[in-house]
Amino acid sequence: MTSSPDPVQGEAPPAPPRASRRDTEMQARRRDLLAAARKLLRKGGAQAVTMRAVAEVVGVSTTVVYALFPDKAALIAQAVDDDLKRFSRHLQQALAQASDARDALRKVARAYAAFGVAHPQSYRLMFMEARPASPVEDSSIEFGNPSEDAYALARTLADGLLREAGGPPPAQADIETTAQLVWEALHGATSLRITLGDDPWFARLPLEQHIDRMVDVFAAGVLSRSR
């Protein structure tokens, strides 16, 4: 078997193939359609998003929309993907600074709530707006990848917390339930801060202190039950 000859010294390597003009235009059109879907979602919720409405905002036919998205559920799912990826990256940055399983939960929980309060529109769009369910294949997020899939990160945190208690490796069902409980607690605290703000009807700790107290109670309960 002969090896290919080395390139002549000083000769530039061959340029990679460029995307066709049609592919470039279709990608640009896809971005426009997703931007239109996000705009409609924020304005009127999932009910306001139809293939026809999105087409009218962009100024194309519904045929163009259907050529890029199989149905309304897929269109809405992908319209939210960029917000979800940005949210996941924010959580990963917090996780990178953690020293152990409980510290990881604390830092990610703080980051979760802080993101929601700082970006209420994005948070509402991701987790407070009812939308049609779509298969994971319709999303551009890699299912199960904690750097993109925030729920996968919650499972990682739950697994670490359960393992901290010692004993045999935690069952998958326990990891799933613990991850869901973590998520539900954080979502409840965050969504209430977004919708009620500084409600004068009851005294509340500053957000970070509130989250820390919640994590302490939750972690103590998980570890006690595991032992």
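Residues numbered from 1 in each chain as written. Predicted model: local features only at pLDDT ≥ 70, side-chain atom pairs only at ≥ 80, totals over all residues. Heavy atoms only, no water.

In the nomenclature of an unreviewed UniProt entry, the protein chain corresponds to AcrR family transcriptional regulator from the organism Acidovorax soli.

> How would you summarise the overall build of the protein chain if you had to cite specific residues and measurements?
Within the protein chain, the regular secondary structure consists of nine helices and zero strands. Here the C-alpha atoms of the protein chain give a radius of gyration of 23 Å, more than 25% beyond the 17 Å that 2.2 N^0.38 yields for 227 residues. Burial status across the protein chain gives 37% buried among its 227 residues. Pairs at least 24 apart in sequence give 67% of the contacts found in the protein chain among residues at least 6 apart. For the protein chain, the computed accessible surface area is about 13700 Å², with 53% contributed by carbon and sulfur atoms. In the protein chain, 28 positive and 28 negative side-chain charges are present, and the distance between their average locations comes to 5 Å. (Helix = DSSP H or I, 4+ residues; strand = E, 2+ residues; numbered from the N terminus. Rg over C-alpha atoms; globule rule 2.2 N^0.38 Å. Buried < 20%, exposed > 50% of the residue type's maximum accessible area, 1.4 Å probe, protein only. Contact = heavy atoms within 4.5 Å. Areas by Shrake-Rupley, 256 points an atom, 1.4 Å probe, with all protein chains shown as cover. Lys, Arg positive; Asp, Glu negative; His and termini not counted. Charge placed at Lys NZ, Arg CZ, Asp CG, Glu CD.)

> Give a detailed account of the pattern of salt bridges, specifying residues and quantitative values.
Evaluation of the coordinates by the stated rule reveals 10 salt bridges. Linking Asp83 and Arg42 is a salt bridge whose minimum nitrogen-to-oxygen distance equals 3.6 Å. Of this pair, Asp83 sits in helix H4 (residues 72-95) while Arg42 sits in helix H1 (residues 21-44), and the two are 41 residues apart along the sequence. With its nearest N and O atoms 2.6 Å apart, the salt bridge here joins Asp216 to Arg106. In this pair, Asp216 is assigned in helix H9 (residues 207-226) and Arg106 in helix H5 (residues 101-118), connecting sequence segments 110 residues apart. Since its relative accessible area comes to 34%, Asp216 is described here as partly exposed. One salt-bridge network, held together by shared partners, links Arg106, Arg110, Glu208, Asp212 and Asp216. (Salt bridge = Lys/Arg side-chain N within 4 Å of Asp/Glu carboxyl O.)

> Please provide a residue-by-residue account of the UniProt feature "DNA-binding region" (unreviewed entry) in the protein chain, values included.
Sequence positions flagged by UniProt for "DNA-binding region" (unreviewed entry) are, in local numbering, residues 50-69. Summarising residues 50-69: 75% helix, 0% strand, and an end-to-end C-alpha distance of 12 Å. (UniProt positions renumbered as here; feature names shortened; annotations may be inferred.)

> Give me the environment of Thr195: which residues, what numbers.
Tracing the backbone shows Thr195 in helix H8 (residues 172-196). It is 9.7 Å that separates the C-alpha atoms of Thr195 and Arg124, two residues lying 71 residues apart in sequence.

> Which residues make up the UniProt feature "domain: HTH tetR-type" (unreviewed entry) in the protein chain, and what values do they have?
As recorded in UniProt, the sites labelled "domain: HTH tetR-type" (unreviewed entry) are residues 27-87. Segment residues 27-87 splits into 80% helix and 0% strand. End C-alpha atoms: 23 Å apart.

> Got a sec to walk through helix H7 (residues 150-164)? Specific residues and values, please.
When the terminal C-alpha atoms of H7 are compared, their 21 Å separation across 15 residues agrees well with the 21 Å that a helix rising 1.5 Å per residue should span. Among all positions of H7, only Ala150, Ala152, Leu153, Ala154, Arg155, Leu157, Ala158, Asp159, Leu161 and Leu162 are buried. One side-chain oxygen at the N-terminal end of H7 lies 3.1 Å from the backbone nitrogen of Tyr151; it belongs to Asp149. With its phi angle positive at about 85 degrees, Gly166 sits one or two positions after the end of H7. (Expected span 1.5 Å × (residues − 1). Polar contact = N/O pair within 3.5 Å; in protein donor to acceptor, adjacent residues only side chain to side chain.)

> Describe the domain arrangement of the protein chain, and please don't skip the residues or the numbers.
Under the domain assignment, the protein chain is made up of domain 1 (21-69) and domain 2 (80-225). Computed over C-alpha atoms, the centres of domain 1 and domain 2 are 31 Å apart. Listed by partner, the interface residues are six residues for domain 1 and 10 residues for domain 2. Summed over both partners, the interface of domain 1 with domain 2 buries about 590 Å², with 57% contributed by carbon and sulfur atoms. Looking at the side of domain 1 facing domain 2, the largest losses of area belong to Arg38, Leu41 and Arg42, adding up to 71% of the total buried there. Applying the counting criterion to the domain 1 and domain 2 interface returns one salt bridge. Linking domain 1 with domain 2 are one residue pair in polar contact (both at pLDDT 80 or more), by the criterion used here. When grouped by side-chain class, the residues that make up the side of domain 1 that touches domain 2 number two nonpolar, two polar and two charged. (Domains from an automatic or database assignment. Buried area = accessible area lost by both parts, 1.4 Å probe. Nonpolar A, V, L, I, M, F, W, Y, C, P; charged D, E, K, R; others polar.)

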